[in-house]
Structure formats: C-alpha cells, structure tokens
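# Chain and residue survey
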Amino acid sequence: MELNVKTIDGKEAGKVSLSDAIFGLEPREDIIARMIRWQLAKKQQGTHKTKTRAEVSRTGAKMYKQKGTGRARHHSARAPQFRGGGRAHGPVVRSHEHDLPKKVRALALRHALSAKLKSEDLIIIDQFVSADPKTKGLVGSFEALGLTNALLIGGVELDGNFKLAAANIPNIDVLPVQGINVYDILRRGKLVLSKAAVEALEERFK
C-alpha cells in the first residue's frame, strides 16, 4: 500500500510504499497486551521491601512471664501482631521480569504499527531536520501537521538540532528507529515515521 509523504512544514513530498507484512496486518489486541505487560514488568524496579521480624531493631527479651498474667503467651515483641514488630509476608526485593518469546515481541511490534495505520494515526515525514535548535519554530510545524500528542521515530541517527528543539514540547517523544517499541507507540496519539525509519523497519522484518 502507498501513503503520502509530507515535509516537516506540511508540504507534499511524494509517496512511499509500505509493506503489508508490517503495516497491513489485522491488529490483535491479545498479542499487543502481552507485549505491553512484558514491557511494564521489565521496567519495574522491584526494590520494594519491608522488614521481617528477624530484621527489626527491638529487644529479644521475653515480653512478660509465661504464666499467671491471664494474658496470651508471647515471646518476642518483634512478632508481626505488635506495633513496631516485623511485617508478615511483606514485599521483598525481586525482579518482576517474565519471559516472552522473541517472535511474539516482533509480531507485537508489527501489530502495533498496523493498528496505527488502520486508525489513520500514522504519518510519514521525509526527514526530521531543523535549521536551529529552537522549539518555537518546531511547535508551529507540529501544529500545522496536527501533532499535539505524538511519537516521532527517525533513522539510526537523529538530527541534533531537531532532537533539542523537540525535547521541551509536551506530549512529543522523539526516538531513533532502534528504540521503537509497542508501549511508546500506543501511549501517544499519532505515530510519525521518517522515510529512513520506514526503510529500517522493512529491512529489520525481511
């Protein structure tokens, strides 16, 4: 299929042919959901921690004598039922990562790209370049293109001026093509690819 290519100023710049194997799939929500769950689990730090009764700093002496008080028998004030005691079954430092086959991850990316094309939220720009690293000029260009919430994917190398100019614009993310991922594609309204990014993706999924 073919899609119109625009310049960063909103002018027509020809057409580009998109591979049906990457952009023409019928999106499957289950595969995309598995990928997002995998990404978010991998991002979790897993540094949550509470102290057990072995780790709290309290006396180890018996609280009171065993018999004659009319109260329940207790030994240590570090037990979870007492104020200042350890936490029973609390969170511990661990990794939240789980396995997801590489083929499923690759398929999820293709389904995410196809979903953006199907919903008409995919825009192709000839190249991401800026004459100077000024945000004001780039904001005007994005408004002309209707980009208020978008992920921009460039080639292997990003233009330094363009990257700096886009850095301060709210709800706009700029990534090189090797950083493209399902979560970032779906968390933004529009997906904007450069021609170099399209070529790199087609080469990647040959």
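The rules behind these values
- Residues numbered from 1 in each chain as written.
- Predicted model: local features only at pLDDT ≥ 70, side-chain atom pairs only at ≥ 80, totals over all residues.
- Heavy atoms only, no water.
- Salt bridge = Lys/Arg side-chain N within 4 Å of Asp/Glu carboxyl O.
- Buried < 20%, exposed > 50% of the residue type's maximum accessible area, 1.4 Å probe, protein only.
- Domains from an automatic or database assignment.
- Helix = DSSP H or I, 4+ residues; strand = E, 2+ residues; numbered from the N terminus.
- Phe/Tyr/Trp six-rings, centres within 6.5 Å; stacked < 30°, edge-to-face > 60°.
- Expected span 1.5 Å × (residues − 1).
- Contact = heavy atoms within 4.5 Å.
- Pairing = 2+ DSSP bridges.
- 1 Å grid on protein atoms, 1.4 Å probe; cavity = no way out; pocket = protein on both sides within 12 Å on 5 of 7 lines; lining within 4 Å.
- Points joined across faces, edges and corners; volume = space filled by probe spheres on them.
- Nonpolar A, V, L, I, M, F, W, Y, C, P; charged D, E, K, R; others polar.

Inspection of every chain in the model, using the stated rule, returns 9 salt bridges. Note that D30 is salt-bridged to R28, the shortest N-O span being 2.6 Å. Of the residues examined, R28 reaches a relative accessible area of 43% and is grouped as partly exposed. E203 is the partner of K206 in a salt bridge, and the nearest nitrogen-oxygen pair spans 3.2 Å. Taken together, the shared-partner salt bridges in this structure form one network comprising D173, D184, R187 and R188.

Another point: the domain arrangement of the protein. A common way to report how large an interface is uses the accessible area buried once the components associate. For the protein, the assigned domains are domain 1 (2–45 + 97–205) and domain 2 (49–92). Computed over C-alpha atoms, the centres of domain 1 and domain 2 are 55 Å apart.

Turning our attention to the environment of A131. Checked against the element boundaries, A131 lands in the loop between β3 (122–125) and α4 (135–145). The exposed category is assigned to A131, whose relative accessible area is 78%. Sequence-wise, A131 and T148 are 17 residues apart; in three dimensions their C-alpha atoms are separated by 21 Å.

Okay, the packing of aromatic side chains next. Here the distance between the centres and the angle between the planes together describe a pair of aromatic rings. All chains considered together, the criterion is met by 2 aromatic pairs. Note on F128 and F162: the rings are 5.1 Å apart at their centroids and 10° apart in plane angle, and the pair reads as stacked. With F128 in the loop between β3 and α4 and F162 in helix α5 (residues 160–166), this pair connects stretches of sequence that are 34 residues apart. Of the two residues, F128 and F162, neither departs from the other in class, the shared state being buried.

What follows concerns helix α2 (residues 29–43). Compared with an ideal rise of 1.5 Å per residue, which puts 15 residues at 21 Å, α2 spans 21 Å between its outermost C-alpha atoms and is within 8% of the ideal. Buried residues in α2 make contact with α3 (102–118) and α6 (182–187).

Despite not being glycine, H89 has its phi angle at roughly 60°, a positive value. A relative accessible area of 83% places H89 in the exposed class. Phi at N171 is positive, roughly 65°, even though this residue is not glycine. Relative to the assigned elements, N171 resides in the loop between α5 and β5 (172–175). With relative accessibility at 40%, the residue N171 sits in the partly exposed group.

In the case of a regular strand, side chains alternate between the two sheet surfaces. Burial along strand β4 (residues 150–153) is two-sided: A150 and L152 facing one way and L151 and I153 facing the other are all buried. One ladder, built from 4 bridges, connects β4 with β5; its direction is parallel. Of the residues in β5, the one forming a bridge with L151 is D173. The pairing of β4 with strand β6 (residues 190–194) spans 4 bridges and is classified as parallel. When the bridges of β6 are listed, L151 appears paired with L191.

Over the atoms rolls a probe the size of a water molecule, and its path tells where empty space is left. Taken as a whole, the largest pocket encloses approximately 280 Å³ of empty space. Residue lining of the largest pocket: M35, W38, Q39, K102, R105, A106, L109, I180, N181, V182, R204 and F205, and that is the complete set. Elements with a contribution of two residues or more to the lining of the largest pocket: α2 and α3. At 4 residues, α3 tops the list of elements feeding residues into the lining of the largest pocket. Classifying every residue of the lining of the largest pocket by side-chain character gives 7 nonpolar, 2 polar and 3 charged. Of the voids in this model, the second largest pocket is the one considered here, and its volume is about 170 Å³. Every element with two or more residues in the lining of the second largest pocket is listed here: β1 (2–6) and β3. Here the residues of the lining of the second largest pocket are counted per class, giving 6 nonpolar, 1 polar and 4 charged.

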